[in-house]
Amino acid sequence: NTPEQNQRILDACQKHGLKFIPADGRIMANDPGHADFAKNLDAVVADYSQHPALGGYFINDEPAPGAFPKLAAINEHFLAKDPERLPFINMLPNYVPEAHIGGPYEPFIEKYCVEVKPKLLCYDHYALMEGGAERPEYFENMEIIRRQGLKHGIPIGFIFQTTPHFNYRDPSETDLRWQVNTALAYGVRALFYFTYFTPTDPNANFHNGILDPQGKRTHHYDMARRINAELKELAPELMQMMSTAVYHTGDLPKGCVALPADAPLQVKEGGSLVIGLFDHADGTKRAMIVNRDLRNATTATLQWSDRDYRLELPPAGREFITIGAALKPPAG
């Protein structure tokens, strides 16, 4: 976008109580050391930073390791000039070929954290395939991102699949909730729909984004609105919860950890679950229980601190419990 287009978008966002992260060609135009490198970045800050709807600065999407020095310099510059805003970079998923990232995935992510020092460790992963299958690497990717985020003290973000394209299926509301709820169980702090508007690349067969290419609402619009309303209610609690462990029951996904016998929470019955454990800022312990099954409801009975919790979970459904009290009375 041009600066003028971005200003119009910022004005529209302010009108509706939203934030906007603009993309601007000046941000990546020059390498560090170029005479116009700092000049361009300072001009971007000058153009946008006084606008109350500004959420950050879009830097780059899915970079390879060779871009890290440049990204680090841009990230550092923005944080020095406008530390309250987010310099936004999004990372590749773990199914990218190793040749593209210079080796195995986790060292690639760690190198990014160490060299670039992002304010948010964000990645995308599109797992919902046509024919009803899900990528087997989905949870392994979350494990790696969570592990590196905790190691380097960086909150994590996740861009999830909303718009069908290539051989990715058209997500149901359950599909969307599965991605959102499993991410929350892993301690994700920022969630992004891919995409809001539908791109028009004919080679990728994009269709049914939240808005179609003409700006009309698709069936995904009301799904996202319902999910967002729930997230807005949960956010004050979620933002005070620090992830301490994530366990799985049932068939163990690749790269994940089975619920150990000495875990503070035990499952007496239940299907395939994702169990996220958290420390809350108020000193209490929390757990988020997600039905990992996309197609079948499950009844789960859990024991924590000598108390049983019986949960009725729809496909991809979730519930919270705390030691000594449930945020919502348990079924039964």
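Residues numbered from 1 in each chain as written. Predicted model: local features only at pLDDT ≥ 70, side-chain atom pairs only at ≥ 80, totals over all residues. Heavy atoms only, no water.

What follows deals with helix α5 (residues 105–116). With 12 residues, α5 should reach 16 Å at 1.5 Å per residue; the first-to-last C-alpha distance of 16 Å fits that figure. Three or more residues of α5 are buried, namely Tyr105, Phe108, Ile109, Tyr112, Cys113 and Val116. Down the axis of α5, the smallest arc covering the buried residues is 135°, so these residues share one side. Count one or two residues on from α5 and you reach Lys117, which has phi positive near 55°. (Helix = DSSP H or I, 4+ residues; strand = E, 2+ residues; numbered from the N terminus. Expected span 1.5 Å × (residues − 1). Buried < 20%, exposed > 50% of the residue type's maximum accessible area, 1.4 Å probe, protein only. Arc of directions from axis to C-beta.)

It is worth spelling out the nonpolar core at this point. In this structure, Phe78, Met91 and Leu121 are the most contacted members of the largest nonpolar core, which totals 71 residues. With 7 residues, helix α8 (residues 219–238) is the single largest residue contributor to this core. Apart from residues lying up to four places away in sequence, Met91 is in contact with Glu62, Pro63, Phe68, Phe108, Ile109, Tyr112, Leu121, Cys122, Tyr123 and Asp124. With 17 residues, the next largest nonpolar core counts Tyr247, Leu259, Leu277 and Leu311 among its residues. (Core = buried A, V, L, I, M, F, W, Y, C linked by side-chain atoms within 4.5 Å. Contact = heavy atoms within 4.5 Å.)

By secondary structure assignment, the location of Asn141 is in helix α6 (residues 138–152). Setting aside residues up to four positions removed in sequence, Asn141 forms contacts with Pro93, Asn94, Tyr105, Tyr123, Asp124 and His125.

One pass over the full model with this rule turns up 23 salt bridges. In this structure, Asp82 engages Arg85 in a salt bridge whose closest nitrogen and oxygen atoms are separated by 3.0 Å. Each member of the pair Asp82 and Arg85 is classed as buried. For Arg286, the salt bridge goes to Asp282, with nearest N and O atoms at 3.1 Å. Among the residues examined, Asp282 registers a relative accessible area of 45% and is labelled partly exposed. Via salt bridges that share partners, Glu173, Arg177, Arg226, Glu230 and Arg318 belong to a single interconnected network. (Salt bridge = Lys/Arg side-chain N within 4 Å of Asp/Glu carboxyl O.)

Moving on to the confidence of the model for the protein chain. A low pLDDT score tells you not to read the predicted coordinates there in detail. Per-chain confidence: the protein chain averages 95 in pLDDT, with 97% of residues scoring 70 or above. Note that residues 324–332 has pLDDT below 50 and, in this model, 15 contacts with residues that lie over four places away or in other chains. (pLDDT = per-residue confidence, 0-100.)

Glancing now at helix α2 (residues 37–48). With 12 residues, α2 should reach 16 Å at 1.5 Å per residue; the first-to-last C-alpha distance of 17 Å fits that figure. Among all positions in α2, only Phe37, Asn40, Leu41, Val44, Val45 and Tyr48 are buried. An end-on view of α2 places all buried positions within 135° of arc, on one side of the element. For α2, the exposed residues set more than 90 degrees away from the buried face come down to Lys39 and Ala46. On its buried face, α2 sits against α1 (3–15), β1 (56–61) and α3 (68–81).

Turning our eyes to something else, we now look at the sheet that holds strand β8 (residues 273–280). Strand order in this open sheet of 4 strands is β6-β8-β9-β12, and the pairing throughout is antiparallel. Looking at strand neighbours, the two that pair on one side only are β6 (241–248) and β12 (318–322), the edges of this open sheet. Each strand of the sheet is rotated relative to its neighbour by a mean of 20°, with strand direction disregarded. Examined bridge by bridge, β6 and β8 share 7 bridges and lie antiparallel to one another. Paired with Met242 across the strands is Asp279, a residue of β8. Contacts between α8 and the sheet are confined to β6, β8, β9 (285–291) and β12, with β12 contributing the most and set at about 25° to the helix. (Pairing = 2+ DSSP bridges. Axes fitted to C-alpha atoms, helices over the stretch in contact; angles between N-to-C directions.)

Our focus in this paragraph is the sheet that holds β1. Across the sheet, 5 strands lie side by side as β1-β2-β3-β4-β5; this open sheet has parallel pairing. With partners counted over all chains shown, the strands left at the sheet margins are β1 and β5 (190–194), one partner each. Within this sheet the neighbouring strands show an average axis-to-axis angle of 25°, counted without direction. Here 4 bridges tie strand β3 (residues 121–124) to strand β4 (residues 156–161), and the two strands are oriented parallel to one another. Pairing of Cys122 across the sheet is with Gly157, part of β4.

This part is about the packing of aromatic side chains. For any two aromatic rings, the description comes down to two numbers: the centre-to-centre distance and the angle of the planes. Taken as a whole and judged by the stated rule, the model has 17 aromatic pairs. With a centroid separation of 4.7 Å and 55° between ring planes, the pair formed by Phe160 and Tyr193 is classed as tilted. Of this pair, Phe160 sits in strand β4 while Tyr193 sits in strand β5, and the two are 33 residues apart along the sequence. Since its relative accessible area comes to 0%, Phe160 is described here as buried. Tyr193 gets classed as buried once you look at its relative accessible area, which sits at 19%. Joined through ring pairs, the aromatic side chains of Tyr123, Tyr138, Phe139, Phe158, Phe160, Trp178, Tyr186 and Tyr193 make up one cluster. Directly above the aromatic system of Tyr95 lies the positively charged group of Arg135, at a separation of 3.5 Å from the ring centroid. (Phe/Tyr/Trp six-rings, centres within 6.5 Å; stacked < 30°, edge-to-face > 60°. Lys NZ or Arg CZ within 6 Å of the ring centre and 35° of its normal.)

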